[in-house]
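As a plain string of letters, each chain reads:
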Amino acid sequence: MKLPDVISSPQSKRIKNAAKLLKRRDRKATGQFLVEGPQAVREALARKGSVVELFITEEAAEEHPSFVSTAKHGRMQCSIVTPEVLTELASTVNSQGVVAVCNALDVELTSVLDKEAQLVVVLSQVRDPGNAGTIIRLADAAGADAVVLTSSSVDVYNDKVVRSTAGSLFHIPVVTGVGLSEVTELARARGLQVLAADANDEAHDLHHPWETGLDLTARTAWVYGNEAWGMSTEDLELCDSSVAVPIYGSAESLNLGTAAGVCIYESARNQRM
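Residues numbered from 1 in each chain as written. Predicted model: local features only at pLDDT ≥ 70, side-chain atom pairs only at ≥ 80, totals over all residues. Heavy atoms only, no water.

- Looking up the chain in an unreviewed UniProt entry gives the name TrmH family RNA methyltransferase, with the organism given as Brevibacterium epidermidis.
- Comment text from UniProt for the chain, heading Sequence similarities (unreviewed entry), reads "Belongs to the class IV-like SAM-binding methyltransferase superfamily. RNA methyltransferase TrmH family." (UniProt positions renumbered as here; feature names shortened; annotations may be inferred.)

Spelled out as C-alpha coordinates, the structure:
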(Lines give C-alpha, C1' and ligand atoms only; values in the text may rest on other atoms or scores of the structure.)
Protein backbone atom coordinates (compact mmCIF):
# COMPACT_ATOMS: atom_id res chain seq x y z
CA MET A 1 0.00 0.00 0.00
CA LYS A 2 1.42 3.36 -1.03
CA LEU A 3 1.56 5.74 1.92
CA PRO A 4 0.80 9.48 1.69
CA ASP A 5 3.62 12.01 1.72
CA VAL A 6 5.26 12.59 5.09
CA ILE A 7 4.73 15.79 7.09
CA SER A 8 8.01 16.43 8.88
CA SER A 9 7.55 20.01 10.06
CA PRO A 10 5.53 21.02 13.13
CA GLN A 11 5.02 24.34 11.35
CA SER A 12 2.72 22.68 8.83
CA LYS A 13 -0.56 24.59 8.67
CA ARG A 14 -2.56 21.38 9.05
CA ILE A 15 -0.59 20.38 12.13
CA LYS A 16 -1.02 23.82 13.67
CA ASN A 17 -4.76 23.84 13.00
CA ALA A 18 -5.19 20.38 14.50
CA ALA A 19 -3.08 21.28 17.55
CA LYS A 20 -5.49 24.11 18.35
CA LEU A 21 -8.07 21.45 19.23
CA LEU A 22 -6.13 20.73 22.41
CA LYS A 23 -7.79 23.92 23.71
CA ARG A 24 -11.45 23.94 24.71
CA ARG A 25 -12.27 27.26 23.06
CA ASP A 26 -11.05 25.98 19.69
CA ARG A 27 -12.94 22.71 20.06
CA LYS A 28 -16.09 24.68 20.74
CA ALA A 29 -15.48 27.06 17.84
CA THR A 30 -14.83 24.32 15.28
CA GLY A 31 -17.08 21.53 16.55
CA GLN A 32 -14.12 19.15 16.37
CA PHE A 33 -11.84 17.34 18.81
CA LEU A 34 -8.78 15.07 18.88
CA VAL A 35 -8.74 11.33 19.47
CA GLU A 36 -5.45 9.66 20.32
CA GLY A 37 -4.33 6.03 20.33
CA PRO A 38 -5.16 2.93 18.24
CA GLN A 39 -8.16 1.72 20.26
CA ALA A 40 -10.02 5.04 20.27
CA VAL A 41 -9.13 5.79 16.64
CA ARG A 42 -10.35 2.33 15.57
CA GLU A 43 -13.74 3.01 17.17
CA ALA A 44 -13.87 6.49 15.65
CA LEU A 45 -13.18 5.13 12.16
CA ALA A 46 -15.93 2.54 12.62
CA ARG A 47 -18.51 5.27 13.19
CA LYS A 48 -19.35 6.76 9.82
CA GLY A 49 -18.80 10.49 9.53
CA SER A 50 -16.83 10.83 12.76
CA VAL A 51 -13.26 11.18 11.47
CA VAL A 52 -12.28 14.24 9.47
CA GLU A 53 -8.53 13.77 9.29
CA LEU A 54 -5.99 11.14 10.35
CA PHE A 55 -2.37 11.73 11.38
CA ILE A 56 -0.28 8.59 11.74
CA THR A 57 3.41 7.73 11.94
CA GLU A 58 4.92 5.36 9.37
CA GLU A 59 5.53 2.74 12.07
CA ALA A 60 1.91 2.92 13.28
CA ALA A 61 0.64 2.76 9.68
CA GLU A 62 2.57 -0.47 9.14
CA GLU A 63 1.16 -1.88 12.40
CA HIS A 64 -2.40 -0.75 11.64
CA PRO A 65 -2.73 -0.75 7.83
CA SER A 66 -6.52 -0.78 8.07
CA PHE A 67 -6.46 2.75 9.50
CA VAL A 68 -4.94 4.21 6.34
CA SER A 69 -7.09 2.12 3.99
CA THR A 70 -10.29 3.00 5.89
CA ALA A 71 -9.38 6.68 5.76
CA LYS A 72 -8.71 6.52 2.03
CA HIS A 73 -11.88 4.60 1.21
CA GLY A 74 -13.86 7.02 3.36
CA ARG A 75 -12.26 9.95 1.56
CA MET A 76 -10.80 11.34 4.78
CA GLN A 77 -7.64 13.39 4.77
CA CYS A 78 -4.78 11.09 5.83
CA SER A 79 -1.21 12.15 6.56
CA ILE A 80 1.92 10.29 7.55
CA VAL A 81 3.81 12.34 10.15
CA THR A 82 7.12 11.94 11.91
CA PRO A 83 7.04 10.97 15.61
CA GLU A 84 8.33 14.45 16.46
CA VAL A 85 5.46 16.11 14.61
CA LEU A 86 2.88 13.84 16.23
CA THR A 87 3.96 15.08 19.67
CA GLU A 88 2.43 18.44 18.70
CA LEU A 89 -0.98 16.74 18.67
CA ALA A 90 -0.58 14.08 21.34
CA SER A 91 -1.35 14.77 25.00
CA THR A 92 0.38 11.65 26.32
CA VAL A 93 4.10 11.42 27.01
CA ASN A 94 4.53 8.23 24.98
CA SER A 95 2.24 8.57 21.97
CA GLN A 96 1.06 5.41 20.22
CA GLY A 97 1.52 6.92 16.80
CA VAL A 98 -1.96 7.92 15.68
CA VAL A 99 -4.26 10.91 16.22
CA ALA A 100 -7.57 11.63 14.51
CA VAL A 101 -9.49 14.87 14.13
CA CYS A 102 -13.15 14.05 14.75
CA ASN A 103 -16.49 15.83 14.55
CA ALA A 104 -18.28 16.48 17.83
CA LEU A 105 -20.80 13.76 18.69
CA ASP A 106 -23.37 15.75 20.68
CA VAL A 107 -27.02 14.72 20.44
CA GLU A 108 -30.18 16.42 21.65
CA LEU A 109 -31.61 15.53 25.06
CA THR A 110 -35.04 14.80 23.61
CA SER A 111 -33.57 12.23 21.23
CA VAL A 112 -32.24 10.02 24.05
CA LEU A 113 -34.78 10.64 26.80
CA ASP A 114 -37.66 9.03 24.98
CA LYS A 115 -40.28 6.45 25.90
CA GLU A 116 -37.91 3.61 24.97
CA ALA A 117 -35.01 4.64 27.24
CA GLN A 118 -34.40 2.16 30.05
CA LEU A 119 -31.17 3.36 31.66
CA VAL A 120 -29.64 6.84 31.45
CA VAL A 121 -26.60 8.15 33.32
CA VAL A 122 -26.43 11.83 34.30
CA LEU A 123 -23.26 13.60 35.47
CA SER A 124 -23.95 16.80 37.38
CA GLN A 125 -20.95 19.00 38.20
CA VAL A 126 -18.55 16.11 37.62
CA ARG A 127 -15.26 17.90 36.99
CA ASP A 128 -12.62 15.16 36.89
CA PRO A 129 -11.88 14.03 33.30
CA GLY A 130 -10.87 10.53 34.35
CA ASN A 131 -14.09 9.99 36.27
CA ALA A 132 -16.25 11.28 33.43
CA GLY A 133 -14.51 9.08 30.87
CA THR A 134 -14.64 6.03 33.11
CA ILE A 135 -18.38 6.45 33.71
CA ILE A 136 -19.06 6.83 29.98
CA ARG A 137 -17.18 3.57 29.44
CA LEU A 138 -19.14 1.91 32.26
CA ALA A 139 -22.45 3.11 30.84
CA ASP A 140 -21.51 1.70 27.44
CA ALA A 141 -20.50 -1.66 28.94
CA ALA A 142 -23.73 -1.88 30.96
CA GLY A 143 -25.88 -1.23 27.91
CA ALA A 144 -27.15 2.17 29.04
CA ASP A 145 -29.06 4.25 26.51
CA ALA A 146 -27.17 7.52 26.98
CA VAL A 147 -24.92 9.66 29.15
CA VAL A 148 -25.81 13.27 29.94
CA LEU A 149 -23.25 15.80 31.17
CA THR A 150 -24.72 18.98 32.62
CA SER A 151 -23.33 22.35 31.61
CA SER A 152 -21.38 22.52 34.88
CA SER A 153 -19.49 19.29 34.17
CA VAL A 154 -16.14 18.72 32.46
CA ASP A 155 -15.85 19.13 28.68
CA VAL A 156 -16.53 15.66 27.25
CA TYR A 157 -13.99 16.35 24.48
CA ASN A 158 -11.17 17.04 26.92
CA ASP A 159 -8.29 14.77 25.88
CA LYS A 160 -8.28 12.95 29.24
CA VAL A 161 -12.01 12.29 29.06
CA VAL A 162 -11.75 10.96 25.50
CA ARG A 163 -8.81 8.73 26.41
CA SER A 164 -10.57 7.38 29.53
CA THR A 165 -13.59 6.27 27.50
CA ALA A 166 -11.35 3.85 25.54
CA GLY A 167 -13.51 4.35 22.45
CA SER A 168 -16.89 4.12 24.19
CA LEU A 169 -17.52 7.76 23.33
CA PHE A 170 -18.26 6.51 19.80
CA HIS A 171 -20.71 3.84 20.96
CA ILE A 172 -23.13 5.58 23.30
CA PRO A 173 -25.08 8.81 22.75
CA VAL A 174 -23.76 11.73 24.80
CA VAL A 175 -25.68 14.90 25.62
CA THR A 176 -23.85 18.00 26.89
CA GLY A 177 -24.60 21.53 28.00
CA VAL A 178 -27.97 21.05 29.68
CA GLY A 179 -29.21 21.91 33.16
CA LEU A 180 -29.98 19.23 35.73
CA SER A 181 -33.54 20.47 36.20
CA GLU A 182 -34.16 20.15 32.46
CA VAL A 183 -32.88 16.57 32.51
CA THR A 184 -34.84 15.42 35.56
CA GLU A 185 -38.06 17.07 34.39
CA LEU A 186 -37.91 15.43 30.96
CA ALA A 187 -36.86 12.06 32.38
CA ARG A 188 -39.82 12.04 34.74
CA ALA A 189 -42.17 13.13 31.96
CA ARG A 190 -40.96 10.18 29.87
CA GLY A 191 -41.62 7.72 32.69
CA LEU A 192 -38.16 7.25 34.18
CA GLN A 193 -37.51 7.36 37.91
CA VAL A 194 -34.67 9.72 38.86
CA LEU A 195 -32.24 8.32 41.43
CA ALA A 196 -29.45 10.31 43.05
CA ALA A 197 -26.37 8.30 44.00
CA ASP A 198 -25.77 9.97 47.34
CA ALA A 199 -25.09 8.62 50.84
CA ASN A 200 -27.29 10.99 52.83
CA ASP A 201 -29.34 10.05 55.90
CA GLU A 202 -32.49 9.36 53.84
CA ALA A 203 -30.81 7.27 51.15
CA HIS A 204 -32.06 3.81 50.22
CA ASP A 205 -29.64 0.91 50.63
CA LEU A 206 -28.73 -0.24 47.10
CA HIS A 207 -28.47 -3.87 48.18
CA HIS A 208 -31.75 -3.95 50.16
CA PRO A 209 -34.15 -1.96 47.96
CA TRP A 210 -37.18 -4.04 48.92
CA GLU A 211 -36.99 -2.74 52.50
CA THR A 212 -37.79 0.78 51.35
CA GLY A 213 -39.83 0.09 48.24
CA LEU A 214 -37.14 1.03 45.74
CA ASP A 215 -37.69 -0.68 42.37
CA LEU A 216 -34.43 -1.27 40.52
CA THR A 217 -36.21 -3.02 37.66
CA ALA A 218 -37.87 0.28 36.69
CA ARG A 219 -36.64 2.57 33.92
CA THR A 220 -34.06 4.78 35.61
CA ALA A 221 -31.98 7.91 35.26
CA TRP A 222 -29.03 7.77 37.68
CA VAL A 223 -27.60 11.14 38.76
CA TYR A 224 -24.03 11.49 40.04
CA GLY A 225 -22.68 14.64 41.66
CA ASN A 226 -19.34 16.29 42.17
CA GLU A 227 -16.39 14.19 43.32
CA ALA A 228 -15.57 16.38 46.32
CA TRP A 229 -18.90 17.58 47.69
CA GLY A 230 -21.45 15.21 46.17
CA MET A 231 -24.87 16.65 45.39
CA SER A 232 -26.29 19.88 46.77
CA THR A 233 -29.60 19.98 48.62
CA GLU A 234 -31.13 21.76 45.63
CA ASP A 235 -29.98 19.06 43.21
CA LEU A 236 -31.17 16.27 45.50
CA GLU A 237 -34.62 17.85 45.53
CA LEU A 238 -34.76 17.43 41.75
CA CYS A 239 -34.49 13.64 42.16
CA ASP A 240 -37.12 11.15 43.28
CA SER A 241 -34.93 9.26 45.76
CA SER A 242 -31.36 8.94 46.99
CA VAL A 243 -29.50 5.64 46.93
CA ALA A 244 -26.30 4.70 48.76
CA VAL A 245 -23.86 1.88 48.09
CA PRO A 246 -23.36 0.05 51.40
CA ILE A 247 -19.86 -0.01 52.90
CA TYR A 248 -19.20 -3.39 54.55
CA GLY A 249 -15.58 -2.76 55.47
CA SER A 250 -13.67 0.15 57.00
CA ALA A 251 -13.30 2.40 53.95
CA GLU A 252 -14.65 5.91 54.44
CA SER A 253 -16.28 5.91 51.00
CA LEU A 254 -16.02 4.78 47.39
CA ASN A 255 -14.65 6.97 44.64
CA LEU A 256 -17.14 8.26 42.09
CA GLY A 257 -16.23 5.88 39.28
CA THR A 258 -16.51 2.81 41.49
CA ALA A 259 -19.82 3.88 43.04
CA ALA A 260 -21.22 4.66 39.61
CA GLY A 261 -20.19 1.25 38.31
CA VAL A 262 -21.91 -0.56 41.17
CA CYS A 263 -25.15 1.40 40.74
CA ILE A 264 -25.27 1.24 36.94
CA TYR A 265 -24.67 -2.49 36.86
CA GLU A 266 -27.19 -3.12 39.62
CA SER A 267 -29.86 -1.41 37.52
CA ALA A 268 -28.72 -3.17 34.34
CA ARG A 269 -28.86 -6.56 36.11
CA ASN A 270 -32.28 -5.99 37.65
CA GLN A 271 -33.75 -4.67 34.40
CA ARG A 272 -32.69 -7.87 32.65
CA MET A 273 -34.06 -10.30 35.24
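On we go from here.
**A look at the side chain of Ser267**
In step 1: Within the secondary structure, Ser267 sits in helix H12 (residues 256–271).
In step 2: Overall, the relative accessible area of 0% leaves Ser267 in the buried class.
In step 3: The residues touching Ser267, leaving out its near neighbours within four places in the chain, are Leu119, Leu216, Thr220 and Trp222. (Helix = DSSP H or I, 4+ residues; strand = E, 2+ residues; numbered from the N terminus. Buried < 20%, exposed > 50% of the residue type's maximum accessible area, 1.4 Å probe, protein only. Contact = heavy atoms within 4.5 Å.)

**So, the sheet that holds strand S7 (residues 146–150)**
Sheets are built from strands paired through backbone hydrogen bonds, the pairs being either parallel or antiparallel.
In step 1: Pairing is parallel across the open sheet formed by 7 strands, whose spatial order is S8-S7-S6-S11-S9-S12-S10. Strand pairing shows two members of the sheet lacking a second neighbour, strand S8 (174–178) and strand S10 (204–205), which therefore form its edges.
In step 2: Note: S10 against strand S12 (residues 241–244), 2 bridges, orientation parallel. Residue pairing for S12: Asp205 is matched across the bridge by Ala244.
In step 3: With respect to the sheet, helix H8 (residues 129–141) is in contact with strand S6 (119–123) and S7, its orientation differing from that of S6 by roughly 175°.
In step 4: Lying on the sheet, H12 is in contact with S6, strand S9 (193–197) and strand S11 (220–224); it crosses S11 at an angle near 175°. (Pairing = 2+ DSSP bridges. Axes fitted to C-alpha atoms, helices over the stretch in contact; angles between N-to-C directions.)

**Details of the packing of aromatic side chains**
In step 1: Applying the stated criterion across every chain, the model contains 3 aromatic pairs.
In step 2: Taken together, a centroid distance of 6.2 Å and an interplanar angle of 20° make the contact between Phe33 and Phe170 stacked. Within this pair, whereas Phe33 is found in strand S2 (residues 32–36), its partner Phe170 is found in the loop between helix H9 (159–165) and S8, the two being separated by 137 residues in sequence. Phe170 matches Phe33 in its accessibility class, with the two residues each being buried.
In step 3: Aromatic rings pair up to connect Phe33, Tyr157 and Phe170 into one cluster. (Phe/Tyr/Trp six-rings, centres within 6.5 Å; stacked < 30°, edge-to-face > 60°.)

**Some words on the nonpolar core**
In step 1: Grouped together as the largest cluster of nonpolar side chains are 55 residues, with contacts concentrated most on Phe33, Val121, Leu123, Leu169, Trp222 and Tyr224.
In step 2: Among the elements that take part in this core, H12 stands out by supplying 5 residues, more than any other.
In step 3: Not counting the four nearest positions on each side in its chain, Leu169 is found in contact with Phe33, Arg47, Leu105, Ile136, Val156, Tyr157, Val162 and Val174. (Core = buried A, V, L, I, M, F, W, Y, C linked by side-chain atoms within 4.5 Å.)

**So, helix H10 (residues 180–189)**
In step 1: Residues of H10 that are buried include every one of Leu180, Val183, Thr184, Leu186 and Ala187, and no others.
In step 2: Once H10 ends, the next one or two residues include Gly191, with phi positive near 90°.

**Quick notes on the UniProt feature "domain: RNA 2-O ribose methyltransferase substrate binding" (unreviewed entry) in the chain**
In step 1: Following the UniProt record, the feature "domain: RNA 2-O ribose methyltransferase substrate binding" (unreviewed entry) maps to residues 34–108 here.
In step 2: Spanning residues 34–108, this segment combines 37% helix with 27% strand, and its end C-alpha atoms are found 22 Å apart.

**So, the side chain of His204**
In step 1: By secondary structure assignment, the location of His204 is in strand S10.
In step 2: In this structure the side chain of His204 is engaged in a polar contact, spanning 2.4 Å, whose partner is the side chain of Thr212.
In step 3: Ignoring any residue separated from it by four or fewer positions in sequence, one finds His204 in contact with Thr212, Leu214, Ser241, Ser242, Val243 and Ala244. (Polar contact = N/O pair within 3.5 Å; in protein donor to acceptor, adjacent residues only side chain to side chain.)

**Observations regarding the layout of surface pockets**
In step 1: Space inside the largest pocket adds up to approximately 410 Å³.
In step 2: Lining the largest pocket are 19 residues, with Ala197, Asp198, Ala199, Leu254 and Ala259 sitting closest to its centre.
In step 3: Counted by class, the lining of the largest pocket contains 12 nonpolar, 5 polar and 2 charged residues.
In step 4: In this model, the second largest pocket occupies a volume close to 320 Å³.
In step 5: Lining the second largest pocket are 17 residues; nearest its centre among them are Arg24, Asp106, Asp155, Tyr157 and Thr176.
In step 6: Considering each element in turn, the lining of the second largest pocket owes the most residues, 3 residues, to helix H2 (residues 24–30).
In step 7: Among the residues making up the lining of the second largest pocket, the classes are represented as 5 nonpolar, 7 polar and 5 charged. (1 Å grid on protein atoms, 1.4 Å probe; cavity = no way out; pocket = protein on both sides within 12 Å on 5 of 7 lines; lining within 4 Å. Points joined across faces, edges and corners; volume = space filled by probe spheres on them. Nonpolar A, V, L, I, M, F, W, Y, C, P; charged D, E, K, R; others polar.)

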